[in-house]
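Okay, here's what each chain looks like letter by letter:
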Amino acid sequence: MPDVPSIPENEQAYGLQGVLEHSFERTRHDGSGTLADYIPELAKADPERFGIAVASVSGEVVGVGDVDVPFTIQSISKALAYCLALEALGRDKVLAHVGVEPSGDAFNAIVFDALSNRPFNPMVNAGAITVSGLLAEAFGAEAFEVVLDRFSAAAGRRLAMDETVFRSEAQTGHRNRGIAHLLKCAGALGAHVDDAVDLYFRQCSILVTATDLAVMGATLANIGENPLTGSAVFAVEAVRNTLSVMFTCGMYDFAGNWAFDVGVPAKSGVGGGILGVVNRQLGIGTYSPRLDAKGNSVRGIAAFRDLTEEMGLHVFDPTNRGSSLLSAYRR
């Protein structure tokens, strides 16, 4: 790997773009990992693609690399769909069907909480399919349009679904259908199995870019308001609850290591994306389709580690001042 000059001590003068460029150079040479192949269309991705984008709550957007290359959002959709369900149906209704505990299992595990008979959390497939079922019940035939509209509002532009990926998922997603049937049997899923799974496959097939993920993250960081458009996208309480579950469960059975090393709420997807949220400050989006054994983007994880270390973004980093609300109260 070639030497990369260190970032000057005065990072503000150097600029956010420069910080991203250095992180990109430090992490782009890692060629480990493999493409997701259990969804045939995902195995056709260009493994060399790599992009990092950041959006601030003040509306600044910067990026480096393949930040405008479209890919399907996949499991990152789970976080946004959960936020929508919390807002539309209420916390108690959603919690009655889906828990908030880390499972320690793989994202596609067919395992429910033995005490409650619910999925452990909404960031694994079982919980996400349950959330999709709740949305299908609430919005009926318009459910996907509601989801797409809200995702688009979070990104600040009109998004679309990749029909080819959707068909690929629908034709090969037997395990997810099996999970849905078990959920129905356990009483966690009220909607018709086909309706829940269809909505789940469709939301996972929405096309985004790394820049979109950064803006979506900034919308969550900005307590639900898109900083580019000024639109109110999600309710404040729903955002708080969603970020909490993203922090503890968003990176599957890597969530503990992620919280320890990176320390920001995040959600990954097998399409190669990672969305991260630095509360009241930034949204971060990365794209690199080579995945590790846990289904997370290899270079995406490396980029997040580098950025959070370089800029002191870990939630418990002493240099991360976060919101100025408390200091305002002290005046």
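What counts and what doesn't
Counting restarts for each chain, with residues numbered from 1 along the sequence as it is written. Owing to the predicted nature of the model, reporting of local features is limited to residues with pLDDT of at least 70; listing and counting of side-chain atom pairs is limited to 80 or more, with chain, interface and lining totals taken over all residues. Where side-chain values are given, they derive from all heavy atoms of the structure, hydrogens and water being excluded. A residue's pLDDT is the predictor's confidence in that residue, given on a scale from 0 to 100. A contact between two residues is defined here by any heavy atoms of the two lying within 4.5 Å. Centre distance within 6.5 Å is the pairing criterion for rings of Phe, Tyr and Trp, where only the six-membered ring of Trp is used; planes under 30 degrees apart are then read as stacked, over 60 as edge-to-face, and the remainder as tilted. Strands here mean DSSP runs of E at least two residues long; helices mean DSSP runs of H or I at least four residues long; both are numbered from the N terminus. Buried residues are those whose accessible area, probed at 1.4 Å on protein chains only, stays under 20% of the maximum for their type, while exposed residues exceed 50% and partly exposed ones sit between those limits. When the NZ atom of lysine or the CZ atom of arginine is within 6 Å of a ring's centre and also within 35 degrees of its normal, the charge is said to sit over that ring. Whether a set of points on the 1 Å grid over the protein atoms alone is a cavity depends on a 1.4 Å probe fitting there but being unable to get out, while an open set qualifies as a pocket with protein on both sides within 12 Å along at least five of seven lines; lining residues are those with an atom within 4 Å of a point. Grid points are joined across faces, edges and corners, and a volume is the space filled by probe spheres set on the points. Gly falls in the polar group here, along with every residue not listed as nonpolar (Ala, Val, Leu, Ile, Met, Phe, Trp, Tyr, Cys, Pro) or charged (Asp, Glu, Lys, Arg). Each pair of strands is called paired provided DSSP finds at least two bridges between the two strands. Every angle, taken between N-to-C directions, lies between 0 and 180 degrees, and every axis is a line fitted to C-alpha atoms, over only the stretch in contact when it is a helix. In a helix, the anticipated span is given by 1.5 Å times the number of residues less one. Within this scheme, the nonpolar core is defined by two criteria: the residues are buried Ala, Val, Leu, Ile, Met, Phe, Trp, Tyr or Cys, and they are joined through side-chain atoms within 4.5 Å. Polar contacts here mean pairs of N or O atoms no more than 3.5 Å apart (in protein, one a potential hydrogen donor and the other a potential acceptor; neighbouring residues in sequence count only if both atoms are side-chain atoms).

**Regarding the confidence of the model for the protein**
Keep in mind that low pLDDT regions are not for reading the predicted coordinates in detail. Confidence in the prediction for the protein averages 90 pLDDT; 88% of positions are at 70 or higher. Within the model, pLDDT remains below 50 along residues 1-13, and this stretch shows 17 contacts once partners closer than five positions in the same chain are excluded. Between residues 326-331, whose pLDDT stays under 50, and residues either more than four places distant or in other chains, the model counts zero contacts.

**Observations concerning the packing of aromatic side chains**
Summed over all chains, the structure comprises four aromatic pairs. Ring centres of Phe 71 and Tyr 287 lie 4.1 Å apart, and the angle between their planes is 5°; this geometry places the pair in the stacked category. Placement of the pair is Phe 71 in strand S3 (residues 71-72) and Tyr 287 in strand S7 (residues 282-287), with a sequence separation of 216 residues. Look at Tyr 287 and you get buried, because its relative accessible area is 4%. Ring geometry for Trp 258 and Phe 304: centres 5.2 Å apart, planes at 55°, overall tilted. With Trp 258 in helix H12 (residues 255-261) and Phe 304 in helix H13 (residues 298-311), this residue pair connects regions lying 46 residues apart in the sequence. As far as burial versus exposure is concerned, Trp 258 and Phe 304 are alike and both buried. One Lys or Arg, Arg 202, reaches over the ring of Phe 166 and ends 4.2 Å from the middle of that ring.

**Some points on the layout of surface pockets**
Here the second largest pocket is characterised by a volume of approximately 330 Å³. Every residue lining the second largest pocket is counted, 21 residues in all, and those nearest its centre are Leu 243, Pro 265, Val 278, Asn 279 and Val 315. For the lining of the second largest pocket, the secondary-structure elements that each account for two or more residues are helix H11 (236-249) and strand S6 (273-278). Broken down by element, the lining of the second largest pocket gets its largest block of residues, seven residues, from H11. Here the lining of the second largest pocket is built from residues that sort into twelve nonpolar, seven polar and two charged.

**Considering the sheet that holds strand S1 (residues 51-56)**
If you walk across this open sheet you meet the five strands as S2-S1-S7-S6-S5, and the pairing is antiparallel. The sheet is open, and its two edges are formed by strand S2 (61-65) and strand S5 (266-268), each paired on a single side. Strand-to-strand twist of the sheet, defined as the mean angle between neighbouring strand axes without regard to direction, takes the value 10°. Where S1 meets S7, six bridges bridge the pair, whose relative direction is antiparallel. Its bridge partner lying in S7, Gly 51 is registered against Tyr 287.

**Details of unusual backbone geometry**
Even without a glycine there, the phi angle at Gln 74 is positive, about 50°. Gln 74 sits in the buried class, given a relative accessible area of 3%. Despite not being glycine, Arg 280 has its phi angle at roughly 65°, a positive value.

**Looking at the pairing of S2**
When S1 meets S2, the two strands line up antiparallel, connected through five bridges. By the bridge assignment, Ala 53 is partnered in S2 with Gly 63.

**A look at H11**
Taking 1.5 Å per residue, 14 residues should reach 20 Å; H11 reaches 20 Å between its end C-alpha atoms and fits that length. Among the residues of H11, Ala 238, Val 239, Asn 241, Thr 242, Leu 243, Val 245, Met 246 and Cys 249 are the ones counted as buried. At its buried positions, H11 is contacted by helix H3 (76-89), helix H4 (91-95), helix H10 (210-221), H12, S5 and S6.

**Side note on the nonpolar core**
The biggest cluster of nonpolar side chains holds 69 residues, and the ones touching the most others in it are Ile 73, Phe 151, Ile 206, Met 216, Leu 220 and Phe 234. Among the elements that line this core, the one with the most residues is H3, at nine residues. Discounting chain neighbours no more than four positions away, the residues touching Phe 234 are Leu 80, Cys 83, Leu 84, Glu 87, Arg 150, Ala 154, Leu 220, Ile 223, Gly 224 and Val 239. If you look at the next biggest cluster of nonpolar residues, it comprises 25 residues, including Val 62, Trp 258, Val 264 and Met 311.

**Things to note about the environment of Thr 209**
Position of Thr 209 relative to the elements: it lies in the loop between strand S4 (207-208) and H10. Of the residues examined, Thr 209 reaches a relative accessible area of 7% and is grouped as buried. Taking C-alpha positions, Thr 209 is 6.3 Å from Phe 71, a pair spaced 138 residues apart along the chain. Sequence-distant contacts of Thr 209, defined by excluding residues within four places in its chain, comprise Val 67, Asp 68, Val 69, Pro 70, Phe 71 and Arg 157. At a separation of 3.4 Å, a polar atom in the side chain of Thr 209 contacts the main-chain carbonyl oxygen of Val 67.

**Examining the pairing of S1**
Counting buried positions along S1 gives six out of six residues, so the element sits mostly inside the fold. Alternating residues of S1 divide into Gly 51, Ala 53 and Ala 55 and Ile 52, Val 54 and Ser 56, and every residue in both groups is buried. The antiparallel hairpin formed by S1 and S2 contains four residues in its connecting segment, where Gly 59 sits at a positive phi of about 105°.

**Some details on H10**
For H10, built from twelve residues, the straight-helix expectation of 16 Å at 1.5 Å per residue is met to within 8% by its first-to-last C-alpha distance of 16 Å. Three or more residues of H10 are buried, namely Ala 210, Thr 211, Asp 212, Leu 213, Ala 214, Val 215, Met 216, Gly 217, Ala 218, Thr 219, Leu 220 and Ala 221. In the segment just after H10, Ile 223 is the residue with positive phi, at about 45°.

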